[in-house]
Amino acid sequence: MKTRCRKIVSLILAGLMTLSLAGCGKQSAAKDVDYIKNKGTLVVGITDFAPMDYKDDDGNWIGFDADLAKKVGEDLGVKVKFEEIDWDNKILELNNKTIDVVWNGMTLTDEVKNSMSCTDAYCTNAQVVVLPQDKADQYKDEDSLKNLSFAVEAGSAGEEAAKDKGLGYTSVDSQSKALMEVAAGTSDAAIIDLIMAGAMIGEGTSYPKLTHTVELTSEKYGIGCRKGSDLTEYINKEISKFYSDGTMEEIGKKYGVQEALIKK
């Protein structure tokens with residue numbers, strides 16, 4: 001009887017501790033703006049994804065999202081640190097406070113919206129099929145894609161599209177790697193963001209012999225904060241200001257994404 005009572009007490013205490021920790025987590029996230037100001041750094045989780053986040057010749061992170069994040073950091077009065085992450089682990093990195101925000105052309109999937117506090121959408125996009133130009137005419141509809149081997153970024157909207165369409169694929173750690181697989185001939189095709197395709201493939205780019213054909217999905221980009229975080233509303237207000245003062249359009253033109261901006 002005593003053993004049973006001890007077990008019951010232990011279960012009750014464990015439950016109370018879990019609730020207490022959950023409550024602390026929510027309170028902590030609710031004060032993210034102060035937390036970031038106090039430590040003096042906004043840590044932004046990214047991958048190498050032109051034209052949103054990528055390095056210049058001097059090794060500095062630039063891009064449409066990178067420049068916007070720097071603007072927000074300036075208004076917060078803190079330094080901005082870009083942390084390259086495994087995209088498949090973005091939710092874990094955010095919750096563990098390895099990073100403060102996920103800001104990297106992130107598609108607002110159901111998983112993302114259920115796991116993070118997301119800002120308003122600010123950019124449109126699509127998942128597109130990329131393959132060699134000399135084979136493009138053979139693959140212009142979804143039915144023609146069934147026998148191709150695809151490279152996709154793990155945890156990305158491209159991977160989700162491949163699953164949804166029943167396509168055979170191999171997961172790699174970035175969209176850039178997916179393009180490298182196609183260029184090397186180790187995969188027949190890749191599924192990447194349309195915005196990245198515009199910057200990375202075709203004449204005058206790193207992959208002049210690749211092109212994109214079928215659009216598998218249409219989607220919207222948002223920025224991810226911790227659940228219950230006050231940083232979400234702060235960034236929403238910042239972006240509204242950037243629309244009003246012309247900053248969004250200015251940075252959009254700089255990186256060629258102005259047509260993808262969601263007009264406010």
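Let me sum up the structure you'll find in this document. Remember, predicted model here, so these are calculated numbers, not experimental data.

**Considerations on the environment of Leu 94**
Examined against the element boundaries, Leu 94 turns out to sit in helix H4 (residues 90-95). C-alpha separation for the pair Leu 94 and Ser 115, spaced 21 residues apart in sequence, amounts to 9.9 Å. Every residue in contact with Leu 94, bar those within four places of it in the chain, is listed here: Ile 99, Asp 100, Val 101, Val 102, Met 116, Gly 224, Cys 225 and Arg 226.

**Some words on the packing of helix H3 (residues 64-76) against helix H9 (residues 231-244)**
It is at 11 Å that the axes of H3 and H9 come closest, and there the two elements cross at 110 degrees. In terms of orientation, H3 lies roughly perpendicular with respect to H9. In this structure, H3 meets H9 at a crossing whose hand is right-handed. Every residue of H9 that contacts H3 at Leu 68, Lys 71, Val 72, Asp 75 and Leu 76 is listed here: Tyr 234, Ile 235, Glu 238, Lys 241 and Phe 242. Counted by class, the contact of H3 with H9 contains six nonpolar, no polar and four charged residues.

**Side note on a negative patch on the surface**
The grouping of Asp 86, Asp 88, Asp 110, Glu 111, Glu 160 and Asp 164 at the surface amounts to a negative patch. Tracing the sequence through the fold places Asp 88 in the loop between strand E4 (79-84) and H4.

**Quick notes on the pairing of strand E8 (residues 149-153)**
Among the five residues in E8, four count as buried, and that is most of the element. In this sheet, strand E9 (residues 168-172) lies alongside E8 in parallel orientation, the contact comprising five bridges. The residue bridging Ala 151 from the neighbouring strand is Thr 170, located in E9. Read as a crossover between parallel neighbours, the route from E8 over helix H6 (residues 157-165) to E9 is right-handed.

Parameters at a glance
- Residues numbered from 1 in each chain as written.
- Predicted model: local features only at pLDDT ≥ 70, side-chain atom pairs only at ≥ 80, totals over all residues.
- Heavy atoms only, no water.
- Helix = DSSP H or I, 4+ residues; strand = E, 2+ residues; numbered from the N terminus.
- Contact = heavy atoms within 4.5 Å.
- Axes fitted to C-alpha atoms, helices over the stretch in contact; angles between N-to-C directions.
- Parallel < 35°, antiparallel > 145°, perpendicular 65-115°, else oblique.
- Left-handed = near helix turned anticlockwise from the far one by under 90°.
- Nonpolar A, V, L, I, M, F, W, Y, C, P; charged D, E, K, R; others polar.
- Patch = residues over 30% accessible without salt bridge, like charges linked within 9 Å, V, L, I, M, F, W, Y side chains within 5 Å.
- Areas by Shrake-Rupley, 256 points an atom, 1.4 Å probe, with all protein chains shown as cover.
- Salt bridge = Lys/Arg side-chain N within 4 Å of Asp/Glu carboxyl O.
- Lys, Arg positive; Asp, Glu negative; His and termini not counted.
- Charge placed at Lys NZ, Arg CZ, Asp CG, Glu CD.
- Buried < 20%, exposed > 50% of the residue type's maximum accessible area, 1.4 Å probe, protein only.
- Pairing = 2+ DSSP bridges.
- Right-handed = clockwise from strand over helix to strand, strands pointing away.

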